[in-house]
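# A look at the structure
Chain residues, written in single-letter form:
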Amino acid sequence: ALGEPLSWFFWYRDSSPKPHLVNRFCILLTADIISTVEFNYSGDLLATGDKGGRVVIFQREQENKSRPHSRGEYNVYSTFQSHEPEFDYLKSLEIEEKINKIRWLPQQNAAHFLLSTNDKTIKLWKISERDKRAEGYNLKDEDGRLRDPFRITALRVPILKPMDLMVEASPRRIFANAHTYHINSISVNSDHETYLSADDLRINLWHLEITDRSFNIVDIKPANMEELTEVITAAEFHPHQCNVFVYSSSKGTIRLCDMRSSALCDRHSKFFEEPEDPSSRSFFSEIISSISDVKFSHSGRYMMTRDYLSVKVWDLNMESRPVETHQVHEYLRSKLCSLYENDCIFDKFECCWNGSDSAIMTGSYNNFFRMFDRDTRRDVTLEASRESSKPRASLKPRKVCTGGKRKKDEISVDSLDFNKKILHTAWHPADNVIAVAATNNLYIFQDKIN
């Protein structure tokens, strides 16, 4: 994947004001900041969620002989408001509408289903198409008004007539009131019947058909909150084994649990942790070791974790240390003090696998994102920027200069813009097509077409 250049062929930006935000004294543009990106199982649909509670779904265009360059282009398919701002009066707590995660369900029929969540409430949405409408009702006119029963003298058989394609998004289930703390992860099980949701201290197991109860499968809350030493940062089900899941912590550890062992999985089956080098320990060691994302490989043999400075690949059969460690932006180690002062050190970067598990991708600052080829050990830094990219033009690798004389194409580490950050990325499950969220812009890249 890294041997071929990538071309930038589509970008999306939506800065339309939202009326409900005006009364909340919010900056309008913050509502459009993308907070999650997710391809569906086929890769034909791509969903994004933003801080304004909206979900935007893009659909991939089919190949067209008259437009050969349209291969892979994504256009807006559906937009709907998933969550609204709420207020918990019992706790005097404002609940943001921001979409934390989106997860697609495997497609079973013509409709598509996805789960979306904010800090407290998870919703199951059905996205369906309608291109026909019924006409010739007996009890109402074509405009929808009820007819006078005394005027009905004959029985009519309604007929279906074609209409303009309309995409409808309707909420099918609402899973609420199960989390005391903010939800950071949802993951659909391979049995396609259950899913998990995780907050800072607990993980719950849900059935997709049952909304009024869930089962607590992990609870790390201590009896005395002053004894709290770590929190759950991410959780995910194994892609093939429905009884296995992992969760990561702010201490840089990963626990693999088997639901067959006990109903409450407080005792893990495997514990993954890399010993810290005492010589490199500093004030920021615990902060930068916190894991912000964990992802199983498609094969289920490996899992990948992202901390502040690196991406690590773990073999599920070896708990002592990772089999691969890829430095994302090691040049920031000397900047940790200033990153701590501006709160950037607490940014939660995500990571993703390509379809064959041979390459991985994660984001960085200055709208940079990093790709690592696991076979050749090659890596590349690319930039998602309108200024440096023209449609269908090849992206040029970027390099960061840490000191000394700077070359022409290099950028100094002191010139990096920490307000431009790529936290959310997604890789097409089969093709070399990637989606990169840079604040309120969505960039989609693919292999260059000659």
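Here, the structure is the one placed above.
If you're wondering where the values come from, they're calculated on a predicted model, not measured in any experiment. (Residues numbered from 1 in each chain as written. Predicted model: local features only at pLDDT ≥ 70, side-chain atom pairs only at ≥ 80, totals over all residues. Heavy atoms only, no water.)

## Re the overall build of the protein
Within the protein, the secondary structure is distributed over 3 helices and 32 strands. Here the protein holds 450 residues, and the buried ones make up 49% of them. Taking contacts inside the protein between residues at least 6 apart in sequence as the whole, the part at least 24 apart equals 54%. Surface accessibility of the protein: about 23000 Å² in total, with carbon and sulfur atoms responsible for 49%. (Helix = DSSP H or I, 4+ residues; strand = E, 2+ residues; numbered from the N terminus. Buried < 20%, exposed > 50% of the residue type's maximum accessible area, 1.4 Å probe, protein only. Contact = heavy atoms within 4.5 Å. Areas by Shrake-Rupley, 256 points an atom, 1.4 Å probe, with all protein chains shown as cover.)

## So, the sheet that holds strand β18 (residues 254–258)
Reading across the sheet, the 4 strands line up as β16-β17-β18-β19 and stay open at both edges, with antiparallel pairing between neighbours. The sheet is open, and its two borders are formed by β16 (232–237) and β19 (270–272), each paired with just one other strand. Strand after strand, the sheet turns through a mean of 20° between neighbouring axes, direction not considered. Examined bridge by bridge, β18 and β19 share 3 bridges and lie antiparallel to one another. When the bridges of β19 are listed, Ile-254 appears paired with Phe-272. (Pairing = 2+ DSSP bridges. Axes fitted to C-alpha atoms, helices over the stretch in contact; angles between N-to-C directions.)

## Some thoughts on the packing of aromatic side chains
By convention here, two paired aromatic rings are described through the distance between centres and the angle between planes. Throughout the structure, instances matching the rule amount to 18 aromatic pairs. Summarising the aromatic geometry, the rings of Phe-39 and Tyr-74 are spaced 6.0 Å apart at their centres and angled 65° between planes, so their arrangement reads as edge-to-face. Of the two residues, Phe-39 is situated in strand β2 (residues 34–39) and Tyr-74 in strand β5 (residues 74–81); the sequence distance between them amounts to 35 residues. Residue classification places Phe-39 among the buried residues on the basis of a relative accessible area of 8%. Its end group placed over the ring of Tyr-302, Arg-374 keeps NZ or CZ at 4.8 Å from the ring centre. (Phe/Tyr/Trp six-rings, centres within 6.5 Å; stacked < 30°, edge-to-face > 60°. Lys NZ or Arg CZ within 6 Å of the ring centre and 35° of its normal.)

## Remarks on a nonpolar patch on the surface
Residues Phe-283, Tyr-340 and Phe-346 make up a contiguous nonpolar surface patch of about 330 Å² in total accessible area. Along the chain, the position of Phe-346 falls in the loop between α3 (336–341) and β24 (351–353). (Patch = residues over 30% accessible without salt bridge, like charges linked within 9 Å, V, L, I, M, F, W, Y side chains within 5 Å. Salt bridge = Lys/Arg side-chain N within 4 Å of Asp/Glu carboxyl O.)

## Focus on the side chain of His-329
Along the chain, the position of His-329 falls in the loop between β23 (324–327) and α3. Judged by its relative accessible area of 0%, His-329 is buried. A distance of 3.3 Å separates the side chain of His-329 from the side chain of Arg-306, its partner in a polar contact. Engagement of the side chain of His-329 in a polar contact is seen with the backbone oxygen of Tyr-308, the distance being 2.7 Å. Among all residues touching His-329, those that are not within four sequence positions of it are Arg-306, Tyr-308, Leu-309, Phe-349, Ser-364 and Tyr-365. (Polar contact = N/O pair within 3.5 Å; in protein donor to acceptor, adjacent residues only side chain to side chain.)

## Some points on the sheet that holds strand β22 (residues 310–315)
Read across the sheet, 4 strands follow the order β20-β21-β22-β23 without closing on themselves; strand pairing throughout is antiparallel. For this open sheet the edge positions go to β20 (293–296) and β23, each flanked by a neighbour on one side alone. With strand direction ignored, the average angle separating the axes of adjacent strands in the sheet is 15°. As paired elements, β22 and β23 share 4 bridges and run antiparallel to each other. Note on β23: the bridge partner recorded for Lys-312 is Thr-325.

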